Amino acid sequence: PDWKAAARLDILAAYDLYRANHTGMHDPANPAFPAQLDRARDAGLAYADRATDRVGYQRALGAFSGELQDGHAQLTLKQPANGSAPQYLWPGFVAAWRGNGLKVHSVDGNFPLPVGTRIEACDGKSPETFLKEKLLILNFRWREAGDWWFRAPRAFRPLLGAADKLEKCTFVRPNGKRETLALKWSPAPGDMDERLNRATDGERTPIGLTEPRPGLFLIGLPDFQPDAEGRKAYDALFAALKERQTELAKAKALVIDLRYNNGGSSSWSRRTANALWGEAAVEVRMAAFFKDVSIWWRASEGNTKYVAELGPELRRNGSPDIADAVDRIAMGMKEALAKKQPFYVEEDEAQAQVSAKPETPFVTPVYVITPGRCGSACLDALDAFTRFQNVKLIGAPTSADSAYMEIRSQDLPSGEGRIVIPNKMWVGKPRKASEVYRPQIEVDDLDWSTATFLDRIERDLASR
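Residues numbered from 1 in each chain as written. Predicted model: local features only at pLDDT ≥ 70, side-chain atom pairs only at ≥ 80, totals over all residues. Heavy atoms only, no water.

**As for the overall build of the protein chain**
On a plain count of helices and strands, the protein chain comes out with 14 helices and 18 strands. Rg of the C-alpha trace for the protein chain: 23 Å, near the compact-globule value of 23 Å for 464 residues, within the 12% margin. With the C-alpha coordinates of the protein chain rotated into their principal frame, the extents come out at 65 × 60 × 40 Å. A buried classification covers 53% of the 464 residues belonging to the protein chain. Averaging the coordinates of the 63 positive side-chain charges in the protein chain and doing the same for the 62 negative ones gives two points 3 Å apart. (Helix = DSSP H or I, 4+ residues; strand = E, 2+ residues; numbered from the N terminus. Rg over C-alpha atoms; globule rule 2.2 N^0.38 Å. Buried < 20%, exposed > 50% of the residue type's maximum accessible area, 1.4 Å probe, protein only. Lys, Arg positive; Asp, Glu negative; His and termini not counted. Charge placed at Lys NZ, Arg CZ, Asp CG, Glu CD.)

Encoded structure:
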């Protein structure tokens, strides 16, 4: 393709699509959004005019998304139609963000510096500066603390053929010795994705309930978008939580592991909370938490058509109750569209029924492991779990959400990219836009293994 032409075409199309459909265009609490969208268009076009290849095209999309700083409103690169995986390079090490700095997390046999070495600068720029530049194509949201933890390792994995690889970095060994080395790039190993995931999340705990140490129980919640096997695993988890209530009530602690969780449906975390603390206790606390919240659906033609098509799809997938609720929303959006009103405001009678908080018999200490990637429905899980005083967060700061949610996506005109469009807006949400959860126990160890977390939890229990 003519990458410059493709990038310009898609940036301008994305701008028009957001003006027509994005909830922010009519958000009374965010009157600056139209100007922000203008800046996104201008930033994308500036990079589009320099695009000569696929990487340049992707950088233009990233510049547009970078101005919006919203994981629910971004432009993304489509995978090649032939399904071929992109080819990456690496410098012989994997980096990881810990605390407020960048360190060498793992190395191969030829890299001359040890694990734990601090990366002080690359090409004369601080990590805070060069990471923003190199992660532009990955829609880096630098205003969110968790995105530094999640994205940083990927700055050292350029695409094969990329012209702007980092050339040299200054390292500080664990003993304090400073060295500047030219980076030697070679094809990335076949398990590169696994190495990156270990740097950001450590091990992946399967969906389910285990007891890795006597009296310490572990619930794995790595996926809120489960496939058929995952749904079976959740069924087994909920059955186990019911059967082992007495053991959990007497346990030293319960650990809920959200590592690898990219969001999805909040129903899985809500059912987990119900099984632990009791449905009544959860429902009343969440109703109180959201008592001032209302949901506004942006009633554009595209959004209304999308929501109207969801109901039949949900029925085909065996979710008739949810489909009925979606149909009511679609009808409300159609009525608002016919009246040329920008929003349909969803009525939620349950939120008005806030009474005294019922007690819960479950008072076992609960530790929730939070990864930097935690956003969307993963944050919804934390909204629910942290309603209870026996919960403590451990791990990394999370990512964040804006007020704009419930996405749909479609191809951009060139066929090379896609646009993600939010359809609804939370008004009066207690967790503000761009607000992260910060753990009471931040784990800055390079080793994010389950054993590391259990060790820290046992030390915390002993100190109580």
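Still to come is the rest of the account.
**Quick word on the pattern of salt bridges**
The tally for this structure, following the rule as stated, stands at 35 salt bridges. Here E211 ties to R244 by a salt bridge, and the two come within 3.7 Å at their closest N and O atoms. You can see E211 sitting in strand β9 (residues 208–213) and its partner R244 sitting in the loop between α7 (228–243) and α8 (245–249), a full 33 residues away along the chain. Among the residues examined, E211 registers a relative accessible area of 36% and is labelled partly exposed. By relative accessible area, R244 is classed as partly exposed at 24%. For D292, the salt bridge goes to K291, with nearest N and O atoms at 3.1 Å. D292 gets classed as exposed once you look at its relative accessible area, which sits at 56%. Through salt bridges that share partners, R141, E144, D147 and R151 make up one connected network. (Salt bridge = Lys/Arg side-chain N within 4 Å of Asp/Glu carboxyl O.)

**Looking at the side chain of T398**
The topology assignment puts T398 in the loop between β15 (391–395) and β16 (404–411). T398 sits in the buried class, given a relative accessible area of 0%. At 2.9 Å, the side chain of T398 and the backbone nitrogen of Y437 are in polar contact. Those residues in contact with T398 that lie beyond four places of it in its chain are A145, G146, T370, P371, G372, C374, L379, L382, V436 and Y437. (Polar contact = N/O pair within 3.5 Å; in protein donor to acceptor, adjacent residues only side chain to side chain. Contact = heavy atoms within 4.5 Å.)

**Quick notes on the sheet that holds strand β11 (residues 253–257)**
Spatial ordering of the open sheet is given by β9-β10-β11-β14-β15-β18, a layout of six strands whose pairing is mixed. With partners counted over all chains shown, the strands left at the sheet margins are β9 and β18 (441–442), one partner each. Strand direction decides the pairing type here: β9 and strand β10 (residues 216–220), joined by four bridges, are antiparallel. When the bridges of β10 are listed, T210 appears paired with L218. Packed on one face of the sheet, α7 meets β9 and β10 and runs near 60 degrees to β9. (Pairing = 2+ DSSP bridges. Axes fitted to C-alpha atoms, helices over the stretch in contact; angles between N-to-C directions.)

**Remarks on the pairing of strand β17 (residues 417–427)**
Taking burial as the measure, the eleven residues of β17 include nine buried ones, the bulk of the element. When strand β1 (residues 75–77) meets β17, the two strands line up antiparallel, connected through three bridges. The residue of β17 that forms the bridge with L75 is I419. Pairing of strand β12 (residues 294–298) with β17, which is carried by four bridges, proceeds in the antiparallel orientation. Following the sheet pairing, I295 is matched in β17 by W426. Pairing of β16 with β17, which is carried by seven bridges, proceeds in the antiparallel orientation. In the sheet register, S409 faces β17, and the bridge partner there is V420. Hairpin remark: β16 followed by β17, antiparallel, with five residues in the connecting loop; positive phi at G415, about 85 degrees.

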